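Now for the letters of each chain:
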Amino acid sequence: CGLRGSFYIFSDKMNGHNLLVLYGSQTGTAQDTAERIGRQAQRKRMRVRVEALDTYNVGNLISESPVVFVCATTGQGDPPDNMKKFWRFLFRKSLPADSLSRLDCAVLGLGDSSYPKFNFVAKKLHKRLLQLGANMLLPVGLADDQHDLGPDGVIDPWLLSFWQKTLSLYPPPAGLAPLRDEDKLPPRFVFSLLDEVPNHQVEHLQRLINEAPPTSLHPFPARVVFNQRVTHPSHFQDVRHIEFDITDSNIQYNAGDVVMMRPRNAAEDIKQFCQLLRLDPECYFTLTPTDSSTVVPARLPQPCSVHFLVEQFLDISAVPRRSFFEVLGTFATDELECEKLLEFSSAVGQDALHAYCNRPRRTALEVLADFPHTTAELSVDYLLDLFPEIQPRSFSIASSLLAHPNRIQILLAVVKYKTMLFKPRMGFCSSWLASLDPSKGEIYVPLWVKKGSLSFPEDQDTPVIMVGPGTGVAPFRSAIQERVAQGKMDNVLFFGCRSETKDFYCQSEWEEKVQAGQMTLFTAFSRDQEDKIYVQHRVRQQSKLLWDLIANKNANFYIAGNAKQMPTSVCDALKEAFQKEGGMSESQAQEMLDAIEKVRRFQSETWS
């Protein structure tokens with residue numbers, strides 16, 4: 001999550017209670033929700049602090065009240081990166097059962113019910129806080145991306161209940177009326193524009209050789225070696241095989257790890273944004289927090305150019321969240337625009353907002369163009385309140401250092417689709433990466449590596465079964481290269497795509513390894529015959545082999561790829577194999593699957 005700092009709102013009149021909002025956020029959604037709760041608290045005349053869980057001193061929790069925890073769930077039920085330290089502390093067995101008995105709190109989870117571990121972190125946190133004696137102000141809120149109105153379908157009613165309960169226990173100071181939704185709140189930063197360009201301004205993050213491994217704050221500028229399309233020119237989907245040079249980076253990675261990078265806004269979007277807001281991209285500025293506890297984001301140099309801010313920091317090409325309309329609405333002077341923005345900010349206007357923004361995937365930049373009068377009134381001081389920070393994207397590494405020293409390779413599906421809007425929708429990161437052409441000069445992409453959710457056995461004799469249709473094969477290419485280099489030849493891969501001639505990734509590499517006895521390959525080309533054949537059909541056909549490998553040879557089983565129906569269908573096919581070959585009942589097959597998952601002999605990495 002972005003380092004947007006915590007913020008206090010101080011006022012002589014606001015001498016009431018302190019609300020603490022703590023968040024764990026991976027993609028920025030939980031942070032956005034936490035900041036929204038913070039703005040609501042300000043309007044209700046409460047002093048409030050909003051902070052990422054890992055920057056908060058957890059030892060102070062015993063003396064706080066009330067506290068709202070807003071947390072997302074990542075991967076296979078894991079806490080987000082910026083709450084992992086807090087998570088480890090809270091689950092210490094040594095904590096006394098009554099250690100949080102003075103704490104009034106509530107937990108709001110953000111999740112997606114298409115994943116098996118739906119809101120796992122929020123549920124587990126709620127349960128743990130109860131174990132430690134905390135007084136829960138209301139039941140855990142479980143927001144769901146799959147809800148007809150998105151997460152707000154749950155968040156809105158939950159917040160109504162939360163404020164009713166909280167304000168009855170912690171009333172605001174007497175004689176102070178709440179602020180209206182259209183009243184401006186103070187910005188978190190003040191921009192001071194500089195008259196001249198500062199000397200020796202270096203804005204890209206440089207690293208010295210022989211340092212610690214790169215991180216989000218100090219990424220390694222990796223040279224793009226090649227960027228090749230690997231699907232047939234006639235195929236609808238553009239998929240790229242991209243290689244980065246990581247020589248002298250101190251990056252080490254294993255099969256299953258992921259590479260992280262932040263996309264940059266396109267030149268045409270930067271130009272349009274600066275024109276709409278009448279900003280000079282070459283102008284420099286410094287940021288001053290409006291409150292002592294707010295910190296300037298660490299990724300922004302001081303002084304900073306407008307161009308750097310817009311290109312590398314402000315997420316202007318994302319579909320804006322409701323909070324964007326809440327802040328934008330406070331600048332509206334045109335009656336029609338004001339009415340529309342207030343509707344989009346309200347609970348009753350969420351259907352209309354969905355139809356306007358989410359369904360057609362309209363970007364924040366396009367919204368600004370649709371509200372020209374309001375955009376003209378915008379103050380530069382509010383840019384960091386209005387736009388979230390660009391979040392890093394993760395890609396499964398598709399290579400092994402043992403096969404490709406000093407290199408990281410990825411397999412990237414370029415996202416492009418049509419909606420009701422005239423301009424095709426483009427995936428922010430994938431279209432940026434696809435546009436990088438190393439044949440036109442040296443190009444560097446700042447990146448770093450993170451441990452992935454998949455891990456492969458170190459034991460020489462443990463067979464590995466991998467099901468990776470489409471770009472889901474990426475981590476398995478890394479694993480097969482690594483294992484073959486280590487002399488581990490018991491590798492079974494199920495690969496699926498539409499057509500053998502259009503999108504059969506790494507075909508020649510697989511065929512060479514099969515010839516050399518280094519792996520076994522089963523393919524499913526769904527559109528090459530009348531009846532569609534998918535990887536789950538091949539899994540079903542190989543029930544005898546799979547049963548032997550799993551039951552008799554302790555094999556590990558992996559799934560990677562799109563989270564729609566594929567993982568469930570593959571699991572069903574695997575359970576059928578247990579029933580058919582192992583003479584098990586349906587419930588016994590499920591128990592066996594659960595048992596091997598518990599000891600990480602079954603692992604999956606899926607995305608939607």
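Residues numbered from 1 in each chain as written. Predicted model: local features only at pLDDT ≥ 70, side-chain atom pairs only at ≥ 80, totals over all residues. Heavy atoms only, no water.

**Focus: the overall build of the protein**
So, point 1. Counting secondary structure elements, the protein contains 19 helices and 23 strands.
So, point 2. Here the C-alpha atoms of the protein give a radius of gyration of 26 Å, agreeing with the 25 Å that 2.2 N^0.38 yields for 608 residues.
So, point 3. Expressed along its principal axes, the backbone C-alpha trace of the protein runs to roughly 80 × 60 × 50 Å.
So, point 4. Expressed as a percentage of its 608 residues, the buried residues of the protein come to 53%.
So, point 5. Expressed as a percentage of contacts within the protein between residues at least 6 apart in sequence, the contacts between residues at least 24 apart total 77%.
So, point 6. Across the protein, the 66 positively charged side chains and the 72 negatively charged ones have centroids separated by 3 Å. (Helix = DSSP H or I, 4+ residues; strand = E, 2+ residues; numbered from the N terminus. Rg over C-alpha atoms; globule rule 2.2 N^0.38 Å. Buried < 20%, exposed > 50% of the residue type's maximum accessible area, 1.4 Å probe, protein only. Contact = heavy atoms within 4.5 Å. Lys, Arg positive; Asp, Glu negative; His and termini not counted. Charge placed at Lys NZ, Arg CZ, Asp CG, Glu CD.)

**Digging into a negative patch on the surface**
So, point 1. On the surface, Glu500, Glu511, Glu512 and Asp528 cluster together into a patch of negative charge.
So, point 2. Its location among the elements puts Asp528 in the loop between strand E21 (520-525) and helix H16 (535-541).
So, point 3. With a relative accessible area of 38%, Asp528 lands in the partly exposed category. (Patch = residues over 30% accessible without salt bridge, like charges linked within 9 Å, V, L, I, M, F, W, Y side chains within 5 Å. Areas by Shrake-Rupley, 256 points an atom, 1.4 Å probe, with all protein chains shown as cover. Salt bridge = Lys/Arg side-chain N within 4 Å of Asp/Glu carboxyl O.)

**Concerning the layout of surface pockets**
So, point 1. Taken as a whole, the second largest pocket encloses approximately 740 Å³ of empty space.
So, point 2. Arg36, Gln40, Arg43, Asp181 and Glu326 are, among the 32 residues lining the second largest pocket, the residues nearest its centre.
So, point 3. Take the lining of the second largest pocket: its biggest share by element is six residues, from helix H1 (residues 29-43).
So, point 4. Its residues assigned to classes, the lining of the second largest pocket comprises 14 nonpolar, five polar and 13 charged. (1 Å grid on protein atoms, 1.4 Å probe; cavity = no way out; pocket = protein on both sides within 12 Å on 5 of 7 lines; lining within 4 Å. Points joined across faces, edges and corners; volume = space filled by probe spheres on them. Nonpolar A, V, L, I, M, F, W, Y, C, P; charged D, E, K, R; others polar.)

**Quick look at the UniProt feature "domain: FAD-binding FR-type" (unreviewed entry) in the protein**
So, point 1. UniProt annotation of "domain: FAD-binding FR-type" (unreviewed entry) refers to residues 217-457 when read in the numbering used here.
So, point 2. For residues 217-457, helix accounts for 29% and strand for 21%, while the C-alpha atoms at its two ends are 32 Å apart. (UniProt positions renumbered as here; feature names shortened; annotations may be inferred.)

**Comments concerning the sheet that holds strand E8 (residues 189-193)**
The strands making up a sheet are joined through hydrogen bonds of the backbone, oriented either antiparallel or parallel.
So, point 1. Pairing within the open sheet is antiparallel, and its three strands lie in the order E8-E12-E13. Both edges of this open sheet fall to E8 and strand E13 (304-305), since each of them pairs with a single strand only. (Pairing = 2+ DSSP bridges.)

**A look at the UniProt feature "domain: Flavodoxin-like" (unreviewed entry) in the protein**
So, point 1. Look at the UniProt record and you will see "domain: Flavodoxin-like" (unreviewed entry) annotated at residues 19-163.
So, point 2. Along residues 19-163 the backbone is 32% helical and 22% strand, and the end-to-end C-alpha distance reaches 11 Å.

**A look at the sheet that holds strand E15 (residues 407-413)**
So, point 1. Spatially, the six strands line up as an open sheet ordered E14-E11-E18-E9-E10-E15, and their pairing is antiparallel. Only two strands of the sheet have a single neighbouring strand rather than two, namely strand E14 (393-396) and E15. Ignoring strand direction, the axes of neighbouring strands in this sheet form an average angle of 40°.
So, point 2. Pairing geometry for strand E9 (residues 220-229) and strand E10 (residues 239-245), over six bridges, is antiparallel. Looking across to E10, one finds that Phe226 is bridged to Glu243. (Axes fitted to C-alpha atoms, helices over the stretch in contact; angles between N-to-C directions.)

**Examining the side chain of Asp315**
So, point 1. By secondary structure assignment, the location of Asp315 is in the loop between helix H6 (306-312) and helix H7 (322-329).
So, point 2. One buried charge, Asp315, has no salt-bridge partner; the nearest side chain with opposite charge is Arg393, at 4.7 Å.
So, point 3. Polar contacts involving the side chain of Asp315 include one to the main-chain amide nitrogen of Ala318, which spans 3.5 Å.
So, point 4. Those residues in contact with Asp315 that lie beyond four places of it in its chain are Phe387, Pro388, Glu389, Ile390 and Phe428. (Polar contact = N/O pair within 3.5 Å; in protein donor to acceptor, adjacent residues only side chain to side chain.)

**Points about helix H14 (residues 474-485)**
So, point 1. The end-to-end C-alpha distance of H14, which contains 12 residues, comes to 17 Å, matching closely the 16 Å that a straight helix rising 1.5 Å per residue would cover.
So, point 2. H14 sits mainly inside the fold: 11 of its 12 residues count as buried.
So, point 3. Where H14 is concerned, the buried positions are Ala474, Pro475, Phe476, Arg477, Ser478, Ala479, Ile480, Gln481, Glu482, Arg483 and Val484.
So, point 4. Phi turns positive, to about 80°, at Gly487, one or two residues after H14. (Expected span 1.5 Å × (residues − 1).)

**Some points on the pattern of salt bridges**
When the charged atoms of two side chains with opposite charge come close together, those side chains can pair.
So, point 1. If you walk through the whole model with that rule in mind, you get 29 salt bridges.
So, point 2. Between Asp156 and Arg36 there is a salt bridge; the shortest N-O distance is 2.6 Å. Taken together, the positions of Asp156 in helix H4 (residues 152-169) and Arg36 in helix H1 put the pair 120 residues apart, joining distant regions of the chain. Residues Asp156 and Arg36 agree in their burial class; the two are buried.
So, point 3. The partner of Asp183 in a salt bridge is Arg180, and the shortest N-O contact between them spans 2.9 Å.
So, point 4. Salt bridges sharing common partners tie together Arg36, Arg39, Asp152, Asp156, Arg322 and Glu326.

**Here we look at the packing of helix H8 (residues 335-345) against helix H9 (residues 350-358)**
How two helices sit against one another is set out by the angle between their axes and by the gap between those axes.
So, point 1. Viewed as axis vectors pointing N to C, H8 and H9 meet at an angle of 105°, and their least axial separation amounts to 7 Å. Considering the angle they form, H8 stands roughly perpendicular to H9. Of the residues in H9, those in contact with Glu343, Phe344 and Ser345 of H8 are Gln350, Ala352, Leu353 and Tyr356.
So, point 2. Looking at side-chain class alone, the contact of H8 with H9 contains four nonpolar, two polar and one charged residues. (Parallel < 35°, antiparallel > 145°, perpendicular 65-115°, else oblique.)

**Some words on H1**
So, point 1. The end-to-end C-alpha distance of H1, which contains 15 residues, comes to 21 Å, matching closely the 21 Å that a straight helix rising 1.5 Å per residue would cover.
So, point 2. For H1, the tally of buried residues reaches 13 of 15 residues, placing the bulk of the element in the interior.
So, point 3. Positive backbone phi, approximately 70°, marks Arg45, located one or two places after H1.

**Describing the confidence of the model for the protein**
So, point 1. Model confidence for the protein is summarised by a mean pLDDT of 91, while 95% of its residues fall at 70 or above.
So, point 2. When mean pLDDT is compared element by element in the protein, strand E19 (residues 464-467) scores highest at 98, while strand E1 (residues 7-8) scores lowest at 34.
So, point 3. With pLDDT under 50 throughout, residues 1-15 is counted as low confidence; its partners more than four residues away or in other chains account for 58 contacts.
So, point 4. This stretch, residues 202-210, has a pLDDT under 50; its non-local contacts, to residues over four places away or in other chains, come to 16 contacts. (pLDDT = per-residue confidence, 0-100.)

**Observations concerning the packing of aromatic side chains**
To describe a pair of aromatic rings, you give the distance between the ring centres and the angle between the ring planes.
So, point 1. For the structure on display, the rule yields 22 aromatic pairs.
So, point 2. Measuring from ring centre to ring centre gives 5.4 Å for Phe325 and Phe344, while their planes differ by 75°; the resulting arrangement is edge-to-face. One end of the pair, Phe325, is in helix H7; the other, Phe344, is in helix H8, and 19 residues separate them in sequence. Judged on exposure class, the residue Phe325 and its partner Phe344 are both buried.
So, point 3. Among the aromatic residues, ring-to-ring pairing joins Phe273, Phe324, Phe325, Phe344, Tyr356, Phe371 and Phe387 into one connected group.
So, point 4. Across the ring face of Phe91, the terminal group of Lys124 is positioned such that the distance to the ring centre comes to 5.1 Å.
So, point 5. Lying over the aromatic face of Phe331, Lys184 brings its terminal NZ or CZ to 4.7 Å of the ring centre. (Phe/Tyr/Trp six-rings, centres within 6.5 Å; stacked < 30°, edge-to-face > 60°. Lys NZ or Arg CZ within 6 Å of the ring centre and 35° of its normal.)

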